[in-house]
Amino acid sequence: MNQDLQNAEYSVAAHAVNSLSSDALKAVKQGPIGVFDSGYGGLTILNGIRQLLPQYDYLYLGDNARAPYGPRSYEVVYEFTRQAVKKLFDMGCQLVILGCNTASAKALRSIQQNDLAQWDSSRRVLGVIRPTAEIIGKLTTNGHVGLLATEGTVKSNSYTLEIAKLWPNLTVTGQACPFWVALVEYNEADSPGADYFVKKRVDQLMQHDPEIDTIILGCTHFPLLMPKILKYIKPGVRLIPQGEYVASSLKDYLQRHTDMEQRITRGGTARYFTSESPDKFKANASIFLRESIEAEHIELG
């Protein structure tokens with residue numbers, strides 16, 4: 001997320017709530033937090049958030065019928081993400097987290113700048129790149145950071161740009177990882193065949209910068225490949241999955257924006273929606289959540 005844009009967004013939100021009377025605050029609509037991903041990976045983000053903030057209600061939407069987003073153009077990713085965010089707003093969500101790095105890289109800023117004012121300027125859409133960028137400088141020891149992500153996220157340079165704003169002395173090296181998302185979504189993350197693809201991309205990353213001591217898993221699917229990745233990185237290199245940092249960032253956001261926090265319902269529930277088959281989603285979601293869930297079909301587009 002652009003830092004100036006984020007600061008402006010926070011300023012507008014603060015002014016809005018200060019100008020509301022107590023009666024007006026009571027009249028503000030309430031609803032759940034929405035979490036969107038092109039597939040299943042965003043479930044790792046939702047899981048991290050629910051562990052830290054279990055009191056709120058959540059809606060998860062996976063556009064599984066049109067996944068993966070990684071190889072798609074900026075225009076297509078923006079349009080698909082826009083449709084999903086609008087759907088979650090229509091379902092009552094007051095705040096939507098793009099639990100997808102590709103959507104955060106290719107669509108977040110456009111939605112914030114172009115669409116929110118038309119839909120409802122009091123609602124918010126946040127991504128997963130900024131929270132990771134904010135913390136990474138505190139996690140690396142020597143300033144050499146690696147990024148394993150989809151082709152779309154790496155090509156967007158979103159991580160490099162965000163990190164440079166906050167930690168200009170860090171060196172960031174990205175490596176695209178084709179087929180990794182498919183390995184996870186087809187439940188092949190633990191298979192022997194996955195080793196070839198994981199080792200190949202990890203080796204390429206480390207060849208680009210052998211001094212890397214911290215690696216961001218810049219796709220929400222990739223935490224399920226951590227056992228494989230750990231086999232092929234040198235001892236002492238730290239892997240950074242995003243779930244806990246996105247959750248901590250969201251907690252901080254809600255503490256600083258009490259107007260939004262008051263608009264989120266508190267039932268401790270989670271509902272799951274997919275543009276694909278609910279039965280297929282239910283089966284695959286268990287890989288990410290380690291629990292059984294029920295899913296509902298939803299149309300996008």
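Provided above is the structure to which this section pertains.
Residues numbered from 1 in each chain as written. Predicted model: local features only at pLDDT ≥ 70, side-chain atom pairs only at ≥ 80, totals over all residues. Heavy atoms only, no water.

A. Representation of the nonpolar core. Membership of the largest hydrophobic core comes to 53 residues, with the highest contact counts inside it found for Leu43, Leu148, Trp180 and Ile229. In contact with Trp180, other than residues within four places in its own chain, are Leu148, Phe197, Val198, Arg201, Val202, Phe222, Leu225 and Ile229. (Core = buried A, V, L, I, M, F, W, Y, C linked by side-chain atoms within 4.5 Å. Buried < 20%, exposed > 50% of the residue type's maximum accessible area, 1.4 Å probe, protein only. Contact = heavy atoms within 4.5 Å.)

B. Representation of the pattern of salt bridges. Using the criterion set out here, one finds 16 salt bridges in the structure. Across the pair Lys165 and Glu162 runs a salt bridge whose closest N-O atoms are separated by 3.2 Å. Linking Lys165 with Glu162, this pair stays in helix α9 (residues 158-166), spanning three residues, or about one helical turn. Assessed through its relative accessible area of 6%, Glu162 is described here as buried. One network of salt bridges, in which partners are shared, links Arg130, Glu134, Glu162 and Lys165. (Salt bridge = Lys/Arg side-chain N within 4 Å of Asp/Glu carboxyl O. Helix = DSSP H or I, 4+ residues; strand = E, 2+ residues; numbered from the N terminus.)

C. The layout of surface pockets, seen in detail. Reported here for the largest pocket is a volume of approximately 570 Å³. Forming the boundary of the largest pocket are 29 residues, of which Ala67, Pro68, Val181, Ala182 and Glu185 lie nearest the centre. Sorting the residues of the lining of the largest pocket by element identifies α5 (101-106), α10 (180-185) and α15 (278-289) as the ones contributing at least two each. Element by element, the count of residues in the lining of the largest pocket is highest for α10, at four residues. (1 Å grid on protein atoms, 1.4 Å probe; cavity = no way out; pocket = protein on both sides within 12 Å on 5 of 7 lines; lining within 4 Å. Points joined across faces, edges and corners; volume = space filled by probe spheres on them.)

D. Structural view of the sheet that holds strand β6 (residues 171-176). Read from one edge of the open sheet, four strands run β6-β5-β7-β8, paired in parallel fashion. Both edges of this open sheet fall to β6 and β8 (238-240), since each of them pairs with a single strand only. The mean inter-strand angle of the sheet, taken between neighbouring strand axes irrespective of direction, is 25°. Pairing of strand β5 (residues 144-149) with strand β7 (residues 214-217) involves four bridges; the strand directions are parallel. Bridging from a neighbouring strand, Gly146 pairs with Ile215 of β7. (Pairing = 2+ DSSP bridges. Axes fitted to C-alpha atoms, helices over the stretch in contact; angles between N-to-C directions.)

E. Spotlight on the packing of helix α7 (residues 129-139) against helix α13 (residues 243-256). In the contact formed by α7 and α13, the axes pass within 9 Å of each other and the chain directions differ by 110°. In terms of their interaxial angle, α7 and α13 are classed as roughly perpendicular. As α7 packs across α13, the resulting crossing turns out to be right-handed. Here Pro131, Glu134, Ile135 and Leu139 of α7 come into contact with α13, specifically with Tyr245, Val246 and Ser249. Residue composition of the contact of α7 with α13, grouped by class: five nonpolar, one polar and one charged. (Parallel < 35°, antiparallel > 145°, perpendicular 65-115°, else oblique. Left-handed = near helix turned anticlockwise from the far one by under 90°. Nonpolar A, V, L, I, M, F, W, Y, C, P; charged D, E, K, R; others polar.)

F. Geometry of the sheet that holds strand β1 (residues 33-37). Taken in spatial order, the six strands line up as β4-β3-β1-β2-β9-β10 in an open sheet, and their pairing is parallel. The open sheet is flanked by β4 (124-126) and β10 (295-297), the only strands paired with a single partner. For this sheet the average axis-to-axis angle between neighbouring strands, irrespective of direction, equals 25°. The pairing of strand β9 (residues 270-274) with β10 spans three bridges and is parallel. Following the sheet pairing, Tyr272 is matched in β10 by Ala295. Across the face of the sheet, helix α6 (residues 108-119) comes into contact with β3 (95-98) and β4 while running at roughly 170° to β4.

G. Local environment of the packing of aromatic side chains. Under the criterion given, the structure shown has 10 aromatic pairs. A connected cluster of aromatic rings, assembled from ring pairs, spans Tyr40, Tyr60, Tyr272, Phe281 and Phe288. Positioned above the aromatic ring of Phe80 is the side chain of Arg66, whose terminal nitrogen or guanidinium carbon lies 3.7 Å from the ring centre. For Arg123, the ring lying beneath its charged end belongs to Phe89, and the centroid distance is 5.2 Å. (Phe/Tyr/Trp six-rings, centres within 6.5 Å; stacked < 30°, edge-to-face > 60°. Lys NZ or Arg CZ within 6 Å of the ring centre and 35° of its normal.)

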